[in-house]
Amino acid sequence: MISSEVRTIEWRDGRVIMIDQRLLPAVETYVTCSTWEEVAEAISTMVIRGAPAIGVAAAMGVALAARTVAFTESGAAPAMYSALQAATKGLFATRPTAYNLGWALEQMRTVWEGAVGDPRETARALERRALEIMGGDVDSCRQIGEYGADLIVGRPAGGGGPATAPLIPAAPCFDDGPRILTHCNAGALATAGYGTALGVIRSSFARDRRLRVLADETRPLLQGARLTAWELKRDGIPVEIITDSMAGFYLGRGEVSHVVVGADRITANGDTANKIGTYAVSVLAREHGVPFLVAAPFSTIDLSLEDGSLIPIEEREATEVTTLGGNRLTPEGVGVRNPAFDVTPASHISAIITEGGIAFPPYRQSLAALACNTEGGCP
Ligand code: MRU
């Protein structure tokens, strides 16, 4: 098993410690948050990013809010209730697209709304729930990795079962080991550990060491060039960075066997919001007959939305586009658009890999059926 020792986020002695993803790979440094407001700031400014990691951070932010009231302020139950309401609202407002954020806050709300009695006990219960959400995310990523490897390389003989062939055949002109193209960073850094898309890559590599990765650099914030490359290199998984505009070149030449990406929000029909540029890759994959796989936990799946047109798309600051490493790229005063995500239609997606199993089209039925087998229950 490929380990991934990256510590994205930790709860230590009543504080939240996060690796500062804005500075990687040049500097490995950590940010410490003692209040929910500091966690909200860390999410907004992308110290921590990636849908599942944002959810874990938000849960810990709520636990910090409870702790502040229970142990250092008045400690009265009404004060606790209003502090938790304010923290939940403030954390929810940080980034609108990732469904995991609202999902985690709802998990926490279930604990504090039902709490009666000693606020200190409520604070401890919230801390326990936040840690469960963190641990549950790592478990989900590992399970997603194993299901994804079944799709891409099949199961080796042994381990209690017979060898199996890959569930999804590679692109027709491909006869080498898996050559996976990914976009953005859906790795250990984007989750509590192991990763979703990179979890699939890690588990697949453990079964077939010929696997190689092409990583889109992912403008404007370069999550692929900075973070995916950093993680995979640490694990010894061969990776080459390409600029986003090179993806079509390699897909067109038959040098990609599968595309694997993460997700920020998946709607009931399978439409998937992910990092800006994912949609363009999906069109190219479809054109060239390359399987396009989405890897995400159930905490990313929003069955309350019918389709992707209803997903709120975050627009970020113009300076992310107009500057690079602090240097201005564009003329002063030029207009800028900067949507952080786009939506890939379900019709472009070959399979959605979850911790509860693999969904195939039509997704409205397959996702609902998988949901019935998870903790969250049937829609
Ligand atoms: O803006 P970011 O860096 O938070 O966007 C991250 C992505 O789009 C990831 O692909 C997605 O959150 C999945 S992470 C497992």
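Residues numbered from 1 in each chain as written. Predicted model: local features only at pLDDT ≥ 70, side-chain atom pairs only at ≥ 80, totals over all residues. Heavy atoms only, no water.

Engineer: I would appreciate a short explanation of the environment of Leu24 in the present structure.
Structural biologist: Turning to its location among the elements, Leu24 is positioned in the loop between β2 (15-19) and β3 (30-33). Spatially, the C-alpha atoms of Leu24 and Arg124 are 33 Å apart, while their sequence positions differ by 100 residues. Leu24 has contacts with Ile19, Leu189, Arg226, Leu227 and Trp230, leaving out every residue within four places of it along the chain. (Helix = DSSP H or I, 4+ residues; strand = E, 2+ residues; numbered from the N terminus. Contact = heavy atoms within 4.5 Å.)

Engineer: What's the story with the pattern of salt bridges in this structure? I'm lost.
Structural biologist: When the charged atoms of two side chains with opposite charge come close together, those side chains can pair. Inspection of the entire model under this criterion finds 25 salt bridges. As a salt-bridge pair, Glu127 and Arg67 come within 3.9 Å of each other at their nearest N and O atoms. Pair noted here: Glu127 is in helix α5 (residues 119-152) and Arg67 is in helix α2 (residues 51-72), with a separation of 60 residues, a long-range link. You can call Glu127 partly exposed: its relative accessible area is 23%. Look at Arg67 and you get partly exposed, because its relative accessible area is 30%. As a salt-bridge pair, Arg207 and Asp150 come within 2.7 Å of each other at their nearest N and O atoms. One end of the pair, Arg207, is in helix α6 (residues 197-207); the other, Asp150, is in helix α5, with 57 residues separating them in the sequence. For Arg207, a relative accessible area of 25% puts it in the partly exposed group. (Salt bridge = Lys/Arg side-chain N within 4 Å of Asp/Glu carboxyl O. Buried < 20%, exposed > 50% of the residue type's maximum accessible area, 1.4 Å probe, protein only.)

Engineer: Is there a simple way to explain the site of the ligand in this structure?
Structural biologist: The environment of the ligand is made up of 18 residues, and the closest members are Arg49, Arg95, Asp264, Asn274 and Lys275. A distance of 2.6 Å separates an oxygen atom of the ligand from a polar atom in the side chain of Asn274. The contact in question runs from an oxygen atom of the ligand to an N or O atom on the side chain of Lys275, over 2.7 Å. About the coverage of the ligand: the protein hides 100% of its 420 Å² of free accessible area. Mapped by element, the contributors of at least two residues to the shell around the ligand are α2 and β9 (272-275). Grouping the amino acids of the shell around the ligand by side-chain chemistry returns 8 nonpolar, 6 polar and 4 charged. (Near = heavy atom within 4 Å. Polar contact = N/O pair within 3.5 Å; in protein donor to acceptor, adjacent residues only side chain to side chain. Areas by Shrake-Rupley, 256 points an atom, 1.4 Å probe, with all protein chains shown as cover. Nonpolar A, V, L, I, M, F, W, Y, C, P; charged D, E, K, R; others polar.)

Engineer: Please explain the nonpolar core as it appears in this structure.
Structural biologist: Nonpolar side chains tend toward joint burial in soluble globular proteins. By size, the foremost hydrophobic cluster in this structure holds 44 residues, and its most contacted members are Ile9, Val16, Met18 and Val39. Secondary structure elements with two or more residues in this core: β1 (9-12), β2, α1 (36-44), α2, α3 (77-92), α4 (99-113) and α5. The dominant element in this core, judged by the number of residues it contributes, is α2, at 15 residues. Those residues within four positions of Ile9 in sequence are excluded, and the remaining contacts are Val16, Ile17, Met18, Ile48, Val56, Ala57, Met60 and Met134. (Core = buried A, V, L, I, M, F, W, Y, C linked by side-chain atoms within 4.5 Å.)

Engineer: How do you make sense of the packing of α3 against α5 when you look at a structure like this?
Structural biologist: To characterise two packed helices, one gives the angle between the axes of the helices and the distance between these axes. The contact between α3 and α5 brings their axes to 9 Å, and the two run at 30 degrees. The orientation of α3 with respect to α5, classified from their angle, is roughly parallel. Two secondary-structure elements touch here, α3 through Ala77, Met80 and Leu84 and α5 through Pro119, Thr122, Ala123 and Leu126. Here the residues of the contact of α3 with α5 are counted per class, giving 6 nonpolar, 1 polar and no charged. (Axes fitted to C-alpha atoms, helices over the stretch in contact; angles between N-to-C directions. Parallel < 35°, antiparallel > 145°, perpendicular 65-115°, else oblique.)

Taken by themselves, the reported measurements are silent on function.
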